Amino acid sequence: MSSSEKRIVSLVELCVAKLCDSLVPPSSPSPPSSSSSSFAAAHAALAAAAAAAASSDSRARVASSPAPTHHECADSSSSPSSTGPLRAHTPSACASPSSALDGGAKAGGGGARGFVPLVGWDTPREVVDMIARHLLATRPPMMSRKLEALVVFTSAPPPPPAPPVSGANTTGGSPNATASTVGGDERVQPLFSYSGGGIDCLDLSREPIGVAAARRVAHACGASLRSLSVASFRAMSPGNLVDVVAPLSGLVSLVLDGTATESAVLQKVAESCPHLESLSVRECDKITDAGVIAVTRGCPGLYALNLHGCSLVTDASLSAIAEFLPKLEILSLKLCKSVTDTGVKKICQSCSQLRALNVKLCHRVGDTSLGAMTTTQLQTLNVSFCEGVSATSLIRIAQACSNSLTKLSMQYIQPPYGKLADIAREAPNLTYLHALSVSGSQDDTLLAQVTESCPDITRFYFGSFDGNGTYSSGVTDFGISAMAHNLQSLQKLSLCSIWITDEGVNDITRSLKALQSLCLLDCPRITDAALVHISENASQLRIVQMLYHSHLTSAGVRALSTCKELREVRFSIVTGVDDEGIVALCNSCTKLQNIMVPGSRITDAAVTAAMQLKDLTELDVSQCPRLTAESAAVIARAAPQNLAKLSMEGMMWVRNSHVSGIISACTGLREFFVADCDFVTGTTIRVNTNPHLRVHLSSKTISMF
């Protein structure tokens with residue numbers, strides 16, 4: 001930070017501090033008007049400081065535009081790879097066709113985490129307007145990563161964070177959250193985007209705040225709020241959720257993923273939010289047909305609906321969708337195990353504007369429904385694990401949507417030999433193809449034909465599994481070389497159980513200069529030399545995943561330390577990896593965010609090195625036999641604040657005290673896996689005071705890719 005930038009920050013902080021000092025707490029008997037002169041003085045000082053700072057440094061940006069519009073906020077949560085025109089004011093993850101393909105994007109949005117102004121609950125709207133305008137006109141680059149005016153509602157400047165306290169949290173938030181009680185009101189710090197008309201985009205999915213605070217924030221926003229996310233806010237009861245959505249009559253986008261949402265909540269949404277256009281209730285497994293039917297009738301403008309994991313939803317809901325939402329564009333039914341061909345067929349026949357359909361793991365869906373597809377605008381289709389789907393219906397859909405279809409996932413579908421190439425020829429605009437097959441009939445010729453037909457593919461998953469627990473494929477280095485020649489725009493590549501050698505990896509990394517992610521699963525001829533080729537030819541890689549490779553050692557992992565752009569490394573069940581490789585990566589690749597080394601031979605030293613990574617968000621050290629209780633202590637003591645997902649499964653030394661200590665210290669944690677830790681009990685979950693944290697005592701489902 002330059003000296004002039006520091007000056008800007010200090011001046012603005014000083015002026016905002018003056019403003020905060022003048023605030024009247026909500027419990028104060030003094031009328032709000034008594035502080036109006038202080039508000040005016042603080043605002044004048046802020047304007048003067050901003051003008052002085054701007055004139056002293058040419059790098060201070062001057063924005064002549066008003067506060068950011070909703071589409072700028074949408075950029076923080078919408079999938080960057082989505083295709084087709086999306087509603088500018090709908091930042092919901094489920095509004096993206098690419099998100100629908102994957103079953104919904106991860107919750108959470110927010111924006112800049114740097115400096116934010118403090119504004120009182122009783123601050124007049126015109127004062128908030130003036131402050132926002134001046135902040136937008138004077139912020140240097142380090143103040144905001146996006147064009148968002150982020151404001152914190154609070155009744156006074158927050159006190160220093162208190163040390164962790166085990167036990168229940170009286171405010172309903174995390175024990176380390178910036179929350180206390182002033183005049184009966186919680187002091188909270190939620191993020192929101194500000195526009196001239198008020199608050200229009202509120203994301204409470206990542207903030208460690210209490211339930212009462214979340215309700216009050218939503219009520220304060222009122223009808224001006226257009227987008228709300230409370231994803232993974234597990235502390236909210238159905239009654240709390242009903243109370244939150246009740247006053248939000250202007251809402252157009254709502255994300256309730258991973259909450260206690262049930263049909264009563266959706267019925268209140270239908271009653272209170274008639275303008276809703278995008279709704280995501282991913283993994284809300286208590287929702288029944290009554291709630292979905294109410295939404296279809298009460299929200300006729302709904303065009304994006306994510307029901308991923310709503311296992312109680314049946315064909316009755318799909319019939320209502322087909323009847324009341326004929327203009328539906330995006331629908332995810334992933335893991336809706338109760339739906340059948342009957343209901344999906346009605347959707348395919350009635351919703352002629354569908355752009356994205358996800359029926360992954362809907363085992364009772366097949367050709368009968370997909371063969372009735374009437375849309376010619378389909379962009380994304382996910383039929384993975386749908387045993388009744390054949391190449392016939394996929395070819396028909398590809399023919400009807402040849403100009404629009406860009407993403408196709410057909411994992412574990414069984415097309416006869418050559419049919420995959422036929423599908424590819426009918427869909428030449430594919431940019432995403434997941435073709436992990438059970439047919440066992442893939443070879444070099446097929447791979448060359450598929451990639452030649454779809455040269456624009458940027459994400460490609462390919463391999464073969466025979467269904468008997470062993471992998472088989474006829475793909476060799478020759479096919480890999482042809483693929484690398486054909487797919488010059490490839491960014492993400494995952495190959496499963498093919499006979500690729502180190503030389504094949506050399507061809508890939510030398511030819512594919514746009515490659516960002518490489519995953520090799522159970523390719524038995526891969527050795528450390530492959531990792532050396534990656535380090536020499538593909539220093540731009542951000543993700544490297546090597547699963548079930550017995551010939552890899554720390555010598556190869558250490559070679560990757562030259563890849564300074566690495567964000568994620570995964571070495572699952574690679575028993576030759578120990579501290580030497582992982583410590584070298586942590587010391588050299590400081591941008592690492594995800595480290596997954598389950599089943600490796602690392603010790604506490606590797607965990608200590610990982611804790612030095614300020615951007616670390618995920619750590620998986622499950623079933624690492626050389627770890628001790630010191631690792632738990634190091635995580636609790638030194639974990640970076642961004643750590644959101646931690647896996648320590650199968651660690652026999654882990655006790656309730658270790659888990660509780662980590663939960664208390666890591667307030668940003670969202671997922672904690674401690675399955676097969678015999679001395680960890682449900683008591684740990686009952687004392688968990690983090691409203692967003694989910695502790696898993698049963699084994700997590702491991703995704704192959």
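Just so we're clear, the structure is a prediction, and the values are computed from it rather than from any experiment. (Residues numbered from 1 in each chain as written. Predicted model: local features only at pLDDT ≥ 70, side-chain atom pairs only at ≥ 80, totals over all residues. Heavy atoms only, no water.)

Caption draft 1: Geometry of the overall build of the protein chain. Scanning the protein chain from terminus to terminus reveals 24 helices and 25 strands. Among the 705 residues that make up the protein chain, the fraction classed as buried is 57%. Pairs at least 24 residues apart make up 75% of the contacts formed inside the protein chain by residues separated by at least 6 positions. Of the roughly 26200 Å² that the protein chain leaves accessible, carbon and sulfur atoms contribute 52%. (Helix = DSSP H or I, 4+ residues; strand = E, 2+ residues; numbered from the N terminus. Buried < 20%, exposed > 50% of the residue type's maximum accessible area, 1.4 Å probe, protein only. Contact = heavy atoms within 4.5 Å. Areas by Shrake-Rupley, 256 points an atom, 1.4 Å probe, with all protein chains shown as cover.)

Caption draft 2: Up close: the pairing of strand E18 (residues 517-521). E18 sits mainly inside the fold: five of its five residues count as buried. Here E18 shows a buried face lined by Ser517, Cys519 and Leu521 and a second buried face lined by Leu518 and Leu520. For strand E17 (residues 492-496) and E18, the ladder comprises five bridges, and the chain directions are parallel. Pairing of Cys496 across the sheet is with Leu521, part of E18. Regarding the hand of the β-α-β motif, the stretch spanning E17, helix H17 (residues 502-511) and E18 is right-handed. When E18 meets strand E19 (residues 543-547), the two strands line up parallel, connected through five bridges. Each bridged residue has a counterpart across the sheet, and for Ser517 the counterpart in E19 is Ile543. (Pairing = 2+ DSSP bridges. Right-handed = clockwise from strand over helix to strand, strands pointing away.)

Caption draft 3: Examining helix H13 (residues 391-400) more closely. Along H13, the positions that sit buried rather than exposed are Ala391, Ser393, Leu394, Ile395, Ile397 and Ala398. Summarising the contacts, the buried residues of H13 are in contact with helix H12 (367-370), strand E13 (380-382) and helix H14 (419-426).

Caption draft 4: Quick look at helix H7 (residues 238-245). Turning to H7, its buried residues are Asn240, Leu241, Val244 and Val245. Angularly, the buried residues of H7 cover 125° about the axis, an arc narrow enough to put them on a single face. Looking at the buried side of H7, the elements it contacts are helix H6 (211-221), strand E7 (227-229), strand E8 (253-255) and helix H8 (263-272). (Arc of directions from axis to C-beta.)

Caption draft 5: The arrangement of the side chain of Thr501 in detail. Its place among the elements puts Thr501 in the loop between E17 and H17. There is a polar contact of 2.4 Å between the side chain of Thr501 and the side chain of Asp477. When near neighbours in sequence (up to four residues on either side) are disregarded, Thr501 contacts Asp477, Arg525 and Ile526. (Polar contact = N/O pair within 3.5 Å; in protein donor to acceptor, adjacent residues only side chain to side chain.)

Caption draft 6: Fine view of the environment of Val634. Inspection of the secondary structure puts Val634 in helix H22 (residues 629-638). Sequence-wise, Val634 and Met611 are 23 residues apart; in three dimensions their C-alpha atoms are separated by 7.7 Å. Excluding residues within four positions of it along the chain, Val634 makes contact with Val607, Thr608, Met611 and Ala639.

Caption draft 7: Quick peek at the pairing of strand E16 (residues 459-464). With five of its six residues buried, E16 lies for the most part within the structure. In the sheet, strand E15 (residues 432-437) pairs with E16 via six bridges, with the strands oriented parallel. Paired with His434 across the two strands is Tyr461, which belongs to E16. Relative to E17, E16 is paired through five bridges, and the arrangement is parallel. Residue Tyr461 lies in a different strand from E17, and its bridge partner there is Ser494.

Caption draft 8: Representation of the pattern of salt bridges. Counted under the stated rule, the structure contains 12 salt bridges. Residues Glu271 and Lys268 are paired through a salt bridge, measuring 3.4 Å at the closest nitrogen-oxygen approach. Of this pair, Glu271 and Lys268 are both found in helix H8, three residues apart, which corresponds to roughly one turn of the helix. Between Lys591 and Glu565 there is a salt bridge, with its nearest N and O atoms 3.1 Å apart. Here the residue Lys591 occupies a position in the loop between helix H20 (579-588) and strand E21 (594-596), and Glu565 occupies one in the loop between helix H19 (554-559) and strand E20 (568-572), the gap between them amounting to 26 residues. Salt bridges linked by common partners bring Glu565, Arg567 and Lys591 together as one network. (Salt bridge = Lys/Arg side-chain N within 4 Å of Asp/Glu carboxyl O.)

Caption draft 9: Just the packing of H13 against H14, in detail. Put simply, H13 and H14 touch, their axes get as near as 8 Å, and they point 15° apart. As summarised for this structure, H13 and H14 are arranged roughly parallel, according to the angle between their axes. For H13 against H14, the interelement crossing comes out left-handed. Facing H13, whose interface residues are Ala391, Leu394, Ile395, Ala398 and Gln399, H14 presents Lys419, Asp422, Ile423 and Glu426. Tallied by class, residues from the contact of H13 with H14 come to five nonpolar, one polar and three charged. (Axes fitted to C-alpha atoms, helices over the stretch in contact; angles between N-to-C directions. Parallel < 35°, antiparallel > 145°, perpendicular 65-115°, else oblique. Left-handed = near helix turned anticlockwise from the far one by under 90°. Nonpolar A, V, L, I, M, F, W, Y, C, P; charged D, E, K, R; others polar.)

Caption draft 10: Main features of the packing of H14 against helix H15 (residues 444-453). For the pair H14 and H15, interaxial distance at closest approach is 8 Å and the crossing angle is 10°. With respect to H15, the axis of H14 lies roughly parallel. Counting all contacts with H14, which are made through Leu420, Ala421, Ala424 and Arg425, the residues of H15 involved are Leu446, Gln449, Val450 and Ser453. Partitioned by chemical class, the residues of the contact of H14 with H15 number five nonpolar, two polar and one charged.

Caption draft 11: Expanded view of the nonpolar core. Counting residues in each nonpolar core, the largest one holds 159 residues, and the members touching the most others are Phe571 and Phe672. Those residues in contact with Phe571 that lie beyond four places of it in its chain are Leu531, Met546, Val557, Leu560, Val577, Leu585, Met596, Val597 and Pro598. Counting residues in each nonpolar core, the second largest holds six residues, with Leu436, Cys496, Leu521 and Leu547 among its members. (Core = buried A, V, L, I, M, F, W, Y, C linked by side-chain atoms within 4.5 Å.)

Caption draft 12: Geometry of the packing of aromatic side chains. In the structure shown here, the tally under the stated rule is three aromatic pairs. Each ring, one from Tyr432 and one from Tyr461, has its centre 5.6 Å from the other, and the planes form 50°; the classification is tilted. Residue Tyr432 is located in strand E15, and its partner Tyr461 is located in strand E16; the two are separated by 29 residues in the primary sequence. This pair shows no difference in class: Tyr432 is buried, exactly as Tyr461 is. (Phe/Tyr/Trp six-rings, centres within 6.5 Å; stacked < 30°, edge-to-face > 60°.)

Caption draft 13: Structural view of the confidence of the model for the protein chain. The predicted model of the protein chain averages 76 in pLDDT, with 67% of residues at 70 or higher. Per-element averaging of pLDDT across the protein chain places strand E3 (residues 181-182) at the bottom with 24 and helix H10 (residues 315-324) at the top with 98. Note that residues 4-40 has pLDDT below 50 and, in this model, 56 contacts with residues that lie over four places away or in other chains. Under a pLDDT of 50 for its full length, residues 701-705 has, in the predicted model, 16 contacts with residues more than four places off or in other chains. (pLDDT = per-residue confidence, 0-100.)

Caption draft 14: Layout of the environment of Glu271. Residue Glu271 is classed as exposed on the basis of its relative accessible area of 60%. For Glu271 and Ser249, which are 22 residues apart along the polypeptide, the C-alpha to C-alpha distance reads 8.9 Å.

Caption draft 15: Structural detail: unusual backbone geometry. A positive phi angle, close to 60°, is found at Glu283, a residue other than glycine. Its place among the elements puts Glu283 in the loop between strand E9 (278-280) and helix H9 (289-298). Judged by relative accessible area, which is 41%, Glu283 ranks as partly exposed. Although it is not a glycine, Gln623 adopts a positive phi angle of roughly 55°. Note that Gln623 resides in the loop between strand E22 (618-620) and H22.

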